[in-house]
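Okay, here's what each chain looks like letter by letter:
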Amino acid sequence: MKVRVHVMLKDGVLDPQGEAVRHALGALGFDGVGSVRQGKVIEMDLADGTSEAKIGEMCEKLLANTVIESYRIESL
Amino acid sequence: MKAAVIVFPGSNCDRDLARAFERAGLQVAMVWHKDTALPDGIDIVGIPGGFSFGDYLRCGAIAANAPIVGAVKAHADRGGYVLGICNGFQVLTETGLLPGALLRNAGLKYICRTIGLRVEAGSVYTEGYGTGTDIALPIAHHDGNYFADPHTLDSLEAEDRVAFRYTDNPNGSARDIAGVLSSNRRVLGMMPHPERASETAHGNEDGARLFAHLTAALTTA
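In this text, all values refer to a predicted model and were calculated from it rather than measured experimentally. (Residues numbered from 1 in each chain as written. Chains lettered and ligands numbered in written order. Predicted model: local features only at pLDDT ≥ 70, side-chain atom pairs only at ≥ 80, totals over all residues. Heavy atoms only, no water.)

A short note on the overall build of chain A
This is how it is decided: By the criteria applied, helices consist of DSSP H or I runs no shorter than four residues and strands consist of E runs no shorter than two, each listed in order from the N terminus. Radius of gyration here is computed from C-alpha atoms only, and the compact-globule reference equals 2.2 Å multiplied by the residue count raised to the power 0.38.
When helices and strands are counted, chain A shows 2 helices and 3 strands. Counting helices and strands in the order they occur from the N terminus, chain A gives β-α-β-α-β. A compact globule built from 76 residues should have a C-alpha radius of gyration of about 11 Å, whereas chain A, at 16 Å, is more than 25% larger. Taking the principal axes of the C-alpha coordinates as reference, chain A spans close to 45 × 25 × 15 Å.

What follows is the structure in structure tokens.
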């Protein structure tokens, strides 16, 4: 089974990289870009039947730092 | 008195830290990250600066799960001293031994220069300076922007656990925080590099007092 984990900085945590991308889009002439948030996507090939709870544990222990990041698990 | 310096792949301040400990009079053992135990009789563990595991995933995240870290946590839980500098501070927040996290610098640039610090909270690390003293130490980091939720920041301040604050915030750190202590005041994480300012040849010896006082305090403890 394949899963994709999306890791994003939580709301309220400053994302200077997203800000820099927003400025760069503006400099390229793209109007109306209100905000940009930059995150990570991690794709994993897991043994069939791996539980959502186990994947959640992977996120909590390593893939995301829940002090600053939230995560979302997507089955592919 | 004995210090252990943990070495990860990508650590690059490990020998500098060992030398600073040695010059202050500590015996030093270098400990590889794959070891599962600290040598006997270690009083303080140093987690050095650098780019452990290439800063993959997040700075310090992979190192925080290395085999030796279980022994470092057990040492801290027993009331042992731990000093994490720069990447070492990032490792300590990732392990949960210290609160908060280090984000990308607000200006997005890697910053390598000497900055001003005010010494605040009392601890074996800071008493050699005295509260309210201004010192200068080098920083060299891309991810030194200290973040914690407002409640955590309030409790760090209420418990007097901010060891150092920037006098002119270089990286966007919340409340100018450059270094924080654990609740028992024995674990210190700091972004500035005292080990890089501890000999005449460095052009700045403000860092030497940290190591000298630390050694004196451990010796009389």
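Moving on, there is more to tell.
A few points about the UniProt feature "active site" (unreviewed entry) in chain B
Residue and element names in this part refer to chain B. Counted only if it meets this: UniProt positions are given in the numbering used here, feature names are shortened, and annotations may be inferred rather than shown by experiment. Partly exposed describes any residue whose relative accessible area lies between the buried limit of under 20% and the exposed limit of over 50%, with all areas from a 1.4 Å probe on protein chains only and scaled to the type maximum. When checking whether two residues touch, look at their non-hydrogen atoms; a contact exists if any pair is within 4.5 Å. The definition of a polar contact used here is a pair of N or O atoms within 3.5 Å, where within protein one atom must be able to donate a hydrogen and the other to accept one, and adjacent residues in sequence count solely through side-chain atom pairs.
In the numbering used here, UniProt assigns the "active site" (unreviewed entry) feature to Cys86, His193 and Glu195. Separation in sequence by 110 residues is not matched in space for these annotated residues, since their most distant C-alpha atoms are only 10.9 Å apart. Along the chain, His193 turns up in the loop between β11 (187–190) and α5 (208–220). When its relative accessible area of 1% is taken as the criterion, His193 is described as buried. Residues in contact with His193, not counting those within four places in the same chain, are Cys13, Gly49, Ile85, Cys86, Leu137, Pro138, Ile139 and Ala140. For Glu195, the location among the structural elements is in the loop between β11 and α5. Setting aside residues no more than four positions away along its own chain, Glu195 makes contact with Cys13, Asp16, Leu17, Ala20, Ile85, His202 and Phe211. Here the side chain of Glu195 touches His193 through a polar contact of 2.8 Å, side chain to side chain.

A closer look at the pairing of strand β1 (residues 2–7) of chain B
All names here are of chain B. So the rule is basically this: Here, any two strands with at least 2 DSSP bridges between them count as paired. Here, the term right-handed applies to a crossover whose path from the first strand over the helix to the second runs clockwise when the strands point away from the viewer.
Extensive coverage of β1 is indicated by the burial of 5 of its 6 residues. Looking at chain direction, β1 and strand β2 (residues 27–32) are connected through 6 bridges and run parallel. Considered in β2, the bridge of Lys2 is made with Gln27. Taken together, β1, helix α1 (residues 14–23) and β2 constitute a β-α-β crossover, and its handedness is right-handed. Pairing of β1 with strand β3 (residues 44–47) involves 3 bridges; the strand directions are parallel. Its bridge partner lying in β3, Ala4 is registered against Val45.

A few points about the sheet that holds strand β7 (residues 134–141) of chain B
All names here are of chain B. Where we set the bar: A fitted line through C-alpha atoms represents every axis, and for helices the fit uses only the stretch in contact; the resulting angles, taken between N-to-C directions, go from 0 to 180 degrees.
With mixed pairing, the 9 strands of this open sheet are ordered in space as β2-β1-β3-β4-β11-β10-β9-β6-β7. The strands lining the two open edges of the sheet, one partner per strand, are β2 and β7. Across this sheet, the average inter-strand angle for adjacent strands is 20 degrees, counted without regard to direction. On top of the sheet, helix α3 (residues 87–95) reaches β3, β4 (81–85), β10 (177–181) and β11; it is set at about 120 degrees to β4, its chief contact. Of the strands in this sheet, β3, β4, β7, β9 (162–166) and β11 are in contact with α5, which crosses β4 at around 170 degrees.

Topic: the nonpolar core
Filter applied, for reference: To define a nonpolar core, start from buried Ala, Val, Leu, Ile, Met, Phe, Trp, Tyr and Cys residues and group those joined through side-chain atoms within 4.5 Å.
Counting 68 residues, the largest nonpolar core has Phe21(B), Ile44(B), Leu83(B), Tyr125(B) and Phe164(B) as its most contacted members. Ile42(A), Met44(A), Leu46(A) and Ile73(A) belong to the second-largest nonpolar core, a separate cluster that totals 11 residues.

Topic: the interface of chain A and chain B
Interfaces are often described in size by the accessible area the parts lose on coming together. Worth spelling out the cut-off: Two parts placed together each lose some accessible area; with a 1.4 Å probe, that loss summed over both constitutes the buried area. For this analysis, a salt bridge means a side-chain nitrogen from Lys or Arg found within 4 Å of a carboxyl oxygen belonging to Asp or Glu. When residues are sorted by character, Ala, Val, Leu, Ile, Met, Phe, Trp, Tyr, Cys and Pro go into the nonpolar class, Asp, Glu, Lys and Arg into the charged class, and all the rest, Gly among them, into the polar class.
Every contact between the two is made by 17 residues of chain A and, on the other side, 14 residues of chain B. Overall, the association of chain A and chain B removes approximately 1,200 Å² of surface from exposure, summing both partners, and the carbon and sulfur fraction of that is 68%. Summed over the shared surface of chain A and chain B, the number is 1 salt bridge. With a closest N to O distance of 3.7 Å, Arg58(B) and Glu69(A) form a salt bridge. Counting the contacts that link chain A with chain B gives 4 residue pairs in polar contact (both at pLDDT 80 or more). Among the elements of the structure, α1 (16–27), β2 (40–45) and α2 (52–63) of chain A are those that each provide at least two residues to the side of chain A that touches chain B. Split into classes, the residues belonging to the side of chain A that touches chain B amount to 11 nonpolar, 3 polar and 3 charged.

A short note on the state of the cysteines
All names here are of chain B. To keep things clear, this is the line we draw: In what follows, a disulfide is any cysteine sulfur pair within 2.5 Å.
One pass over the structure, following the stated rule, counts 0 disulfides over all chains. Free cysteine: Cys13, not disulfide-bonded; nearest cysteine sulfur from Cys86 at 6.5 Å. A relative accessible area of 1% places Cys13 in the buried class. Here Cys59 is not disulfide-linked; the sulfur of Cys86 is the nearest cysteine sulfur, at 8.8 Å. Classification of Cys59 as buried rests on a relative accessible area of 13%.

Considering the sheet that holds strand β3 (residues 69–75) of chain A
All names here are of chain A. Taken in spatial order, the 3 strands of this open sheet run β2-β1-β3, and their pairing is antiparallel. Edge strands, defined here as strands with exactly one partner in the open sheet, are β2 and β3. Each strand of the sheet is rotated relative to its neighbour by a mean of 20 degrees, with strand direction disregarded. When strand β1 (residues 2–9) meets β2, the two strands line up antiparallel, connected through 6 bridges. In the strand pairing of β2, Val7 is matched with Lys40.

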